[in-house]
Amino acid sequence: VRQALMAGAETFRPDAAAACLLAAEQQLNQGNAEVARALYDAVRKARVPISYRIGATRGAIMARTTDRVAFLIRQLHSDAPAIRDVALLTIRAVPSDELATALNAELEGAPKDLQIRLLAALKDCHNVQSLPVIRKKIRSGDPQVRLAALLTLASIGGPDEASTFLTVVTNDPGVEELSIAVSTLERMEGREVDALVLRALRRADEPATRVRLIHLLSRRNVTEATNELLQQAAGPDPDVSIAAFQALKSLAGFEALPSLIELTKKCRDASVRDTAVNAVLGACKNSEDVDRSGALILRKLKKSTVTVEKECWIRVLAGLGYARALPTLTATLQDTDPELVQSTISHLSRWPDPAPMEVLFNVLEGNADPSLRRRALTAILQLATAAADQDLATAEQLMAWFRRANKAVASVPEKRSLISGLGRVKHIDSVRLSASYLNDSDVQVEAVHAILSAAEPLVKGPDAQAIEAVLTKISGIEDQRVLDRIARLRRDIKATAGGGNK
């Protein structure tokens, strides 16, 4: 076979090469490495298609026991790209300290493309000396080389490499480089890394760098950074302030509340103030004693004389759902400042339970200002829908709210909001009230879907016949998916009735 491979007819050489490769593999598996090596080398040197020489090169590397590293390195300099590629791929199968040392040396003066491939190979074969070599490449003038070096160091480096990645973050990196450095720092464990990031923030001058480091502290959940973040939030750069407040939202607790409150009062930029209020709310929620936090904010509200400040504390109290604040917020609805009243109604719509419902109905049903009534209606529908989603009220209570709200709905968005809420209430009155909108072309489709959603769990109960009557009204709709749902409901009604008669 070897004779046919080396000197036989050209048409037979591929078959001879395949036979040699098979024989070499068998010899290698049986422990006859030298015999295997000779067979692989024969195929490598023969005039056969490159696919056979690729397999032979990999086998020749695997079979060598004395000069494997030198042989592999020589293949990296082959004129044939496919041979270079297979040599690089084989590195992961034969890692060793000797090979890692050789790869480190090769990396120093290799062409750019080979540097990138060698850096990738070092993920599978590296030693202690590889780390400084890779760090050097992270400082390369070529962005592709830097990126490859970062990827490799991210794969093999530990917390000791945090300073290297921080250097990338604090410079002016490309998008991909920054993403790798940040994601690697996020994953690194240890308070030492936290301390490094915090020190880097204190030293940083550029706003963009400080923003990146602040986000990193937040994602690492470094609660020890709270005081520094408060200082950053107090600074003149709005982007830095916003980033700091965003971080404080998850990191700050009750101890930071007084400082956060004072910083919020000093905010002149609306976007910064908005983020600051979120941070105050977050700090309240992070506190072990939320009632204590709510009481503090309520005292601030009662002492406030500035509308902007009042709006801030009302928003926080509504977000907390601090029950003791509800009488004060109710009184605010009688304020002479219409903007304050409007914002209070809007914030009440985000209360975490339906507690403000009657307060809002009082505005809807008794206030002379039509704009406030409309805003109260919107808030009522939002609260009722949320209560339905979260099972915070009985079906009867929900229907009582929706029936009262139904008397006031006028615009198409209001009707859609009402009908959307009705679809969540599994009650025959919800089906009937939704059906009252079937003749309204603006919301007919929404009404049909609300009827089907509310009716599904009821078709096997005592309201089945009432539901059948409503289904008859919508059977002419031209939507096959809706018709399929109607058919399923009718089958359930029929099956229930048949079972009852039996």
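Note: the structure precedes this text.
Keep in mind that what you see is a predicted model, and the values were worked out from it rather than measured. (Residues numbered from 1 in each chain as written. Predicted model: local features only at pLDDT ≥ 70, side-chain atom pairs only at ≥ 80, totals over all residues. Heavy atoms only, no water.)

### Thoughts on the layout of surface pockets
In this structure, the largest pocket encloses a volume near 200 Å³. In terms of lining, the largest pocket is formed by R135, I138, R139, R146, T164, T167, V168, N171, D172, P173 and E177. Mapped by element, the contributors of at least two residues to the lining of the largest pocket are α9 (130-138) and α11 (162-170). Per element, the largest residue contribution to the lining of the largest pocket is three residues, and it comes from α11. Residues belonging to the lining of the largest pocket are distributed by class as follows: three nonpolar, three polar and five charged. (1 Å grid on protein atoms, 1.4 Å probe; cavity = no way out; pocket = protein on both sides within 12 Å on 5 of 7 lines; lining within 4 Å. Points joined across faces, edges and corners; volume = space filled by probe spheres on them. Helix = DSSP H or I, 4+ residues; strand = E, 2+ residues; numbered from the N terminus. Nonpolar A, V, L, I, M, F, W, Y, C, P; charged D, E, K, R; others polar.)

### Comments concerning unusual backbone geometry
Here the phi dihedral of N221 falls at roughly 60°; this positive angle occurs in a residue that is not glycine. One can find N221 in the loop between α14 (207-219) and α15 (226-233). You will see that D391, though not glycine, has its phi angle at about 55°, which is positive. Within the fold, D391 resides in the loop between α24 (370-389) and α25 (395-406).

### Some details on the packing of helix α16 (residues 238-251) against helix α18 (residues 270-286)
At a closest axis distance of 7 Å, the pairing of α16 and α18 adopts a crossing angle of 15°. Taken as axis vectors, α16 and α18 run roughly parallel relative to one another. Between α16 and α18 lies a crossing whose hand is left-handed. Across the interface between the two elements, P238, S241, I242, F245, Q246, L248, K249, S250 and L251 of α16 pack against S271, V272, T275, A276, N278, A279, G282, A283 and N286 of α18. (Axes fitted to C-alpha atoms, helices over the stretch in contact; angles between N-to-C directions. Parallel < 35°, antiparallel > 145°, perpendicular 65-115°, else oblique. Left-handed = near helix turned anticlockwise from the far one by under 90°. Contact = heavy atoms within 4.5 Å.)

### Things to note about the side chain of T385
Along the chain, the position of T385 falls in helix α24. Owing to a relative accessible area of 12%, T385 belongs among the buried residues under this scheme. Looking at T385, its side chain comes within polar contact range of the main-chain oxygen of L381, at 2.8 Å. Not counting residues within four places of it along the chain, the set of residues in contact with T385 comprises F402, S417, G421 and R424. (Buried < 20%, exposed > 50% of the residue type's maximum accessible area, 1.4 Å probe, protein only. Polar contact = N/O pair within 3.5 Å; in protein donor to acceptor, adjacent residues only side chain to side chain.)

### Quick word on the packing of aromatic side chains
In this structure the tally under the stated criterion is zero aromatic pairs. Positioned over the ring face of F71 is R64, at 3.7 Å from the centre of the ring. (Phe/Tyr/Trp six-rings, centres within 6.5 Å; stacked < 30°, edge-to-face > 60°. Lys NZ or Arg CZ within 6 Å of the ring centre and 35° of its normal.)

### Describing the nonpolar core
Ranked by internal contacts, the top residues of the largest apolar core, which has 171 residues, are L5, L103, L185, F245, L248, L260 and I345. With 10 residues, the top contributor of residues to this core is α24. Discounting residues that sit within four places of it in the chain, L103 has contacts with I73, L76, I91, L118, L122 and C125. (Core = buried A, V, L, I, M, F, W, Y, C linked by side-chain atoms within 4.5 Å.)

### A look at the pattern of salt bridges
Across all of its chains, the model carries 27 salt bridges by this definition. Two residues, K136 and E108, come together in a salt bridge whose shortest N-O distance is 3.4 Å. One end of the pair, K136, is in helix α9; the other, E108, is in helix α7 (residues 97-109), with 28 residues separating them in the sequence. For the salt bridge of R202 with E228, the shortest nitrogen-to-oxygen distance reads 3.6 Å. Of this pair, R202 sits in helix α13 (residues 191-203) while E228 sits in helix α15; the two residues are 26 residues apart in sequence, bridging distant segments of the chain. (Salt bridge = Lys/Arg side-chain N within 4 Å of Asp/Glu carboxyl O.)

### Observations regarding a negative patch on the surface
A surface patch of negative charge is lined by E255, E288, D289 and D291. Along the chain, the position of E288 falls in the loop between α18 and α19 (290-303). (Patch = residues over 30% accessible without salt bridge, like charges linked within 9 Å, V, L, I, M, F, W, Y side chains within 5 Å. Areas by Shrake-Rupley, 256 points an atom, 1.4 Å probe, with all protein chains shown as cover. Lys, Arg positive; Asp, Glu negative; His and termini not counted. Charge placed at Lys NZ, Arg CZ, Asp CG, Glu CD.)

### Brief notes about α24
In this model α24 runs 29 Å from its N-terminal to its C-terminal C-alpha over 20 residues, within 8% of the 28 Å that 1.5 Å per residue would give. Within the sequence span of α24, burial applies to L372, A376, L377, A379, I380, L381, L383, A384, T385, A387 and A388. Tucked into the core, α24 has its buried residues touching α22 (338-348), α23 (357-366), α25 and α26 (412-422). Downstream of α24 by one or two residues, D391 has phi in the positive range, about 55°. (Expected span 1.5 Å × (residues − 1).)

### So, α22
Summarising burial for α22: eight of the 11 residues are buried, a large majority. For α22, the set of buried residues is L340, V341, S343, T344, I345, S346, H347 and L348. Looking at the buried side of α22, the elements it contacts are α20 (307-320), α21 (326-332), α23 and α24. For α22, the side-chain oxygen to backbone nitrogen distance between the N-cap and E339 is 3.0 Å, and the N-cap itself is D337.

### Details of the packing of helix α17 (residues 257-266) against α19
Where α17 contacts α19, the axes come no closer than 12 Å and their chain directions differ by 30°. Put simply, α17 runs roughly parallel to α19. Seen along the crossing, α17 lies across α19 with a hand that is right-handed. Taking contact as the criterion, the partners of L257, I261 and E262 in α17 are, on α19, S293, L296, I297 and K300. Looking at side-chain class alone, the contact of α17 with α19 contains four nonpolar, one polar and two charged residues.

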